[in-house]
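Letter by letter, the chains look like this.
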Amino acid sequence: MNTRNLENQVESTEDRSIEVAGKSHDGTTATSVASQKEFNAEELGRVYFIRHGESTSNERNIFAGVLDVDLTSFGRLQARRAGVDLKKKGTKFDAVYVSHMRRARQTCEIALAESQALKSPDTPVQIDHRISEKSFGIFAGRNLNLLRLALGYEGFEEMLHSHNEAPPAGEKIAQVYSRAARFYEDKIVPHLERGETVLVVCHQYVLEPLALYLSGLPPTAYKHLKLPNGKALSGADLVKFRDKESGGAASLRKEINDLSIMWAILIYAAAFLLGSLVGAISATAGGIPSPLFRSIIVACLAASTFYTYLDIDFAASKRKVTSTVKYLVYGWMAVRWAVGLFLIFSGLLYQSEADLYKVLWVLFWMVPPALTSPVLSVLWGGNLYPSALLSRTLSIVAPLALLATLKFANLPINVDSLIFFAVILILGLAIPGAIAQFWRDKSPVESNHHSKNWKFIGVLAVAIMALATGFQFTPATFLSDIFSSTDTGRSLACLQQLAIATLVFVSMRAAATLTSVFTKGKLSKAEARDAYILLVNPNFFLWAALFIGVSATANPLAVRYAVFWAALGFFCIPLIEQILFMNSFGNDILRETLRSSRVATEDIKKLFLQLDTDESQSLDPTEIMELLGLIEDMTTGERSSEQVRSYVTDYLFNILDSDKNGSVDLAELEDYISTYGLVANLNVVSAAASSVGA
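Criteria and thresholds
Residues numbered from 1 in each chain as written. Predicted model: local features only at pLDDT ≥ 70, side-chain atom pairs only at ≥ 80, totals over all residues. Heavy atoms only, no water. Buried < 20%, exposed > 50% of the residue type's maximum accessible area, 1.4 Å probe, protein only. Helix = DSSP H or I, 4+ residues; strand = E, 2+ residues; numbered from the N terminus. Pairing = 2+ DSSP bridges. Right-handed = clockwise from strand over helix to strand, strands pointing away. Patch = residues over 30% accessible without salt bridge, like charges linked within 9 Å, V, L, I, M, F, W, Y side chains within 5 Å. Areas by Shrake-Rupley, 256 points an atom, 1.4 Å probe, with all protein chains shown as cover. Salt bridge = Lys/Arg side-chain N within 4 Å of Asp/Glu carboxyl O. Contact = heavy atoms within 4.5 Å. Phe/Tyr/Trp six-rings, centres within 6.5 Å; stacked < 30°, edge-to-face > 60°. Lys NZ or Arg CZ within 6 Å of the ring centre and 35° of its normal. Core = buried A, V, L, I, M, F, W, Y, C linked by side-chain atoms within 4.5 Å. Axes fitted to C-alpha atoms, helices over the stretch in contact; angles between N-to-C directions. Parallel < 35°, antiparallel > 145°, perpendicular 65-115°, else oblique. Nonpolar A, V, L, I, M, F, W, Y, C, P; charged D, E, K, R; others polar. pLDDT = per-residue confidence, 0-100.

Attention now goes to the pairing of strand β2 (residues 95-98). Within a regular strand, the side chains alternate between the two sheet faces. Residues Ala95 and Tyr97 of β2 are buried on one face, and the alternating residues Val96 and Val98, pointing to the opposite face, are buried as well. Both β2 and strand β4 (residues 197-202) contribute to a ladder of four bridges, which runs parallel. If you follow Ala95 over to β4, its bridge partner there is Val198. Where β2 and strand β3 (residues 125-127) come together, three bridges link them in parallel fashion. Bridged to Val98 within β3 is Ile127. Chirality of the crossover, the property in question, places the unit of β2, helix α4 (residues 102-115) and β3 among those that are right-handed.

Structure (structure tokens):
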């Protein structure tokens, strides 16, 4: 069987015309009649739809849209599972249609190779640009969570999931509905009427409007559905899925899921402060019994780890973390350890057990990054894998080194207290992480769909952990020590530890920020964000385990306030950082919006006529390449390398030159830009080309 290599395939359907706004199906009656015709046709034939497997943008929680990204290894597994499902169904296809984007073509190729489902080895796999992903304009490549925060939940939903709104330079759902419906009428219905079976491999924001169309509904009824990756759905299955997921319970769950992830950092801070307030006014000075508190922490961390690791492919992690970010993080941790060991063994800080709190703050510098670092990476636009891999590695190595240090230094700390952290590593990290990875490999479609719909459980688990921590570590006399203390020593201990905590947290962030400045150009923006997270987010619970083992002869008040202020910083400072990241992100979006707004269709027409010196009403590849350069001058103010522009020119020519006459006329160019926008498409560059232009 010849499934053909879709990576190199340039075959395209002759009719790639795009129906723009104003020609869309905007009447329920007309749409119902059309869709009824399709369902009558499906009584003779059948169509199956597959959303591509997980892409690198899905993995990192960013919009791809028309950016041409690859499948992850997990996405390839999902594509194989789609092929297995097709094979079990015994389905054989008379025709196959696929989006021109790599993630869809790769999914199609893998699924067909696995299923051997082509009725004839000569059956062509046809590319149709009308089923390419929705253009997200300037939002392409942006983190979803930061976008929600910057726009507000209602603004985000209106701009992304309203039928008649679109991101700047992006595409409306109504436009996608129109072109997807045209594709279905032109290409699928004739096959169905002949009793044939068809496969369509494309994207979420194409299949969702198609589900509306097949349901006899207009684009005004659109709702975001969170379609599963790599699952073969018949036309009837797609309609049933839409009906189920757009219902009351599913819609409410989606909103809870989105809001909980969006406000996760705020929820954690609020939960800790609430626990602290209850602890400060509670008559229970002893807090939660220690065994119960430990059980809560381990159980909550296990739940959070499970939902985090459902989205991480550790088998692929090593090759996705550059040596630069590894050396940076490991190097800084080595420096911290060198300074910490000097301060511990030199005797500069520690003369008696009353000074033990000073050593505890030094150890705070030396503990590894928190196990929740990958969560921050996903929420703040990091690269994910550095946070996941390096926090895991350091969490295994650092406690062993810490244990040896404490034994050798002979400090009045009961090292057996580190058993608690060993329990955390085993029950809170290793076992739930292994279960999550096993489920990913065993059921890639089901596990991924579960993660998308129930991730708020992981957020809730961390919130409970923050609540319990705030209650447990807040001194019962905290409010009086701050506002109306009759014991000067208690107030001084409280304020002294606050001053030290402030110094420690600020110095950590100052060092991390300076590192980002000095490594600018050596790390991507996402990698720099991960390095920052790893360097400023120490594992509070490993450090608190040391506090539990402090000798009773140490200064208990100083130690207790040290732990309280450390816990407050751990749960609450990230909220301040998120606000800063969000503001910076919002400013970037505003600048990009202003840049993109300068290039309207009329501007493109002027540039076109400027370059059309022979008045042929068409441009050849060389002139199109120069057109791209002029557009970059107007938008970014900086031209890409010649090789990058050459790649983009070839890419666009395969799409725009519909009559294959070796030139592009103005109507072809305006039609493409009016539907897809422009800014995002100019960023579609191959890995080889992008490395040259970097």
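Having seen the structure, we can now continue with the description.
A contiguous nonpolar patch, built from Leu277, Ile281, Leu479, Ile482, Phe483, Leu495 and Leu498 and spanning about 650 Å² of accessible area, is present on the exposed surface. It is helix α20 (residues 478-483) that provides the largest number of residues to the nonpolar patch, a total of three residues. Relative to the assigned elements, Ile281 resides in helix α11 (residues 264-281). Taking relative accessible area as the criterion, Ile281 reaches 59% and is therefore assigned exposed.

Here we come to the pairing of strand β1 (residues 46-51). Counting buried positions over the six residues of β1 gives five, a clear majority of the element. Bridging between β1 and β4 involves six bridges; their strand directions are parallel. Within the sheet, the bridge partner assigned to Arg46 lies in β4 and is Thr197. Pairing geometry for β1 and strand β5 (residues 232-234), over three bridges, is antiparallel. Note on β5: the bridge partner recorded for Tyr48 is Ser234.

Here Ser663 shows up in the loop between α27 (642-656) and β7 (664-665). The buried category is assigned to Ser663, whose relative accessible area is 13%. Aside from chain neighbours lying at most four places away, what touches Ser663 is Ser618, Leu619, Phe653, Asp657 and Glu668.

Moving on: unusual backbone geometry. For Gln116, which is not glycine, the phi torsion reads 50 degrees and is therefore positive. Residues other than glycine seldom take positive phi values, yet Glu615 does so here, at roughly 55 degrees. With respect to the helices, strands and loops of the structure, Glu615 is situated in the loop between α25 (601-611) and β6 (618-619).

Right, let's get into the packing of aromatic side chains. Inspection of the entire model under this criterion finds 32 aromatic pairs. Measuring from ring centre to ring centre gives 5.2 Å for Phe540 and Phe541, while their planes differ by 75 degrees; the resulting arrangement is edge-to-face. Just as Phe540 is buried, Phe541 falls in that class too. Here Arg440 stacks its cationic end above the ring of Phe74, 3.8 Å away from the centre of that ring. In this structure, Arg529 is placed above the aromatic ring of Phe581, and the distance from its NZ or CZ to the ring centre is 4.0 Å.

This part covers the nonpolar core. Counting 110 residues, the largest nonpolar core has Tyr268, Leu363, Leu406, Ile424, Phe540, Trp543 and Leu546 as the members making the most contacts within it. Filtering out sequence-adjacent residues up to four positions away, Tyr268 remains in contact with Val375, Val459, Val462, Ala463, Ala466 and Phe571. One finds Phe139, Leu160, Val189 and Leu210 within the second-largest nonpolar core, a separate group that totals 47 residues.

Let's shift gears to the packing of helix α17 (residues 418-442) against helix α18 (residues 444-454). Between α17 and α18, the least distance of the axes is 5 Å, while the angle of their chain directions is 125 degrees. Relative to α18, the element α17 is oriented oblique. Across from Trp439, Arg440, Asp441 and Lys442 in α17, the residues of α18 making contact are Pro444, Glu446, Ser447 and His450. Partitioning the contact of α17 with α18 into residue classes produces two nonpolar, two polar and four charged.

What follows covers the environment of Ala558. Checked against the element boundaries, Ala558 lands in helix α24 (residues 556-597). Not counting residues up to four positions away in its chain, the partners in contact with Ala558 are Tyr357 and Gln497.

Let us now look at the pattern of salt bridges. On inspection of all chains with the given rule, the structure shows 19 salt bridges. One salt bridge in this structure joins Arg148 and Asp258, with 3.5 Å as the shortest N-O distance. With Arg148 in helix α5 (residues 144-151) and Asp258 in helix α10 (residues 248-262), this residue pair connects regions lying 110 residues apart in the sequence. Neither Arg148 nor Asp258 differs from the other in exposure class; each is buried. When salt bridges that share partners are traced, they join Arg148, Glu157, Lys226, Lys254 and Asp258 into one network.

Taken over all residues, the pLDDT of the protein chain has a mean of 82, while the share at 70 or more is 86%. Across residues 1-38, confidence stays below pLDDT 50; counting only partners more than four residues off in sequence or on other chains, it has 100 contacts. Every residue in residues 679-694 is under pLDDT 50, and counting partners more than four places away or in other chains gives 35 contacts.

Moving on, we come to helix α8 (residues 204-214). Since one α-helical turn is 3.6 residues long, residues separated by three or four positions face the same way. With 11 of its 11 residues buried, α8 lies for the most part within the structure. Listed in full, the buried residues belonging to α8 are Gln204, Tyr205, Val206, Leu207, Glu208, Pro209, Leu210, Ala211, Leu212, Tyr213 and Leu214. Backbone geometry just downstream of α8 places Gly216 in the positive-phi region, at approximately 75 degrees.

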